[in-house]
Amino acid sequence: MDIFADTADIEEIKKLNDLGIIDGVTTNPTLIAKSGRDLREVLGEICDVVRGPVSGETVSTDAEGMIREGRWLREIDDTYMVVKVPLTAEGIKA
């Protein structure tokens, strides 16, 4: 079982990481915005602290935008960054 912290609070992430109880971090643009810091800066810092999967989420709702943002997110850290895309049932065509 893997345990992921669901936060953008870097101090909280550092404490959990130092305790050795998290395998990665899942976060989203809303959590990062609440920190008042730059998205790219926060995600880069999280990737530097946690040497495991760190999720960064796209905000576009169209495929072209998701791909563009996903590539931008992967530039932050091409080893640990995992790109999440917001899919909804309405967006899936059968």
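Thresholds applied
- Residues numbered from 1 in each chain as written.
- Predicted model: local features only at pLDDT ≥ 70, side-chain atom pairs only at ≥ 80, totals over all residues.
- Heavy atoms only, no water.
- Helix = DSSP H or I, 4+ residues; strand = E, 2+ residues; numbered from the N terminus.
- Buried < 20%, exposed > 50% of the residue type's maximum accessible area, 1.4 Å probe, protein only.
- Lys, Arg positive; Asp, Glu negative; His and termini not counted.
- Salt bridge = Lys/Arg side-chain N within 4 Å of Asp/Glu carboxyl O.
- Polar contact = N/O pair within 3.5 Å; in protein donor to acceptor, adjacent residues only side chain to side chain.
- Contact = heavy atoms within 4.5 Å.
- Pairing = 2+ DSSP bridges.
- Right-handed = clockwise from strand over helix to strand, strands pointing away.

Chemist: Outline the side chain of E69, supporting the account with residue identities and numerical values.
Modeler: Inspection of the secondary structure puts E69 in helix α4 (residues 63-76). Although E69 lies buried, it forms no salt bridge, and the closest oppositely charged side chain, R68, sits 4.6 Å away as judged by the N-O distance. Among the polar contacts listed, one links the side chain of E69 to the backbone nitrogen of V59, at a separation of 2.6 Å. For E69, the contacting residues outside a window of four places in its chain are T58, V59 and S60.

Chemist: Before we move on, can you summarise the pairing of strand β4 (residues 81-84) with the specific residues and values?
Modeler: Across 4 bridges, the pairing between strand β3 (residues 54-57) and β4 is parallel. Across the sheet, E57 pairs through a bridge with K84, a residue of β4. In this region the chain leaves β3, passes through α4 and returns to the parallel neighbour β4; the handedness of that crossover is right-handed.

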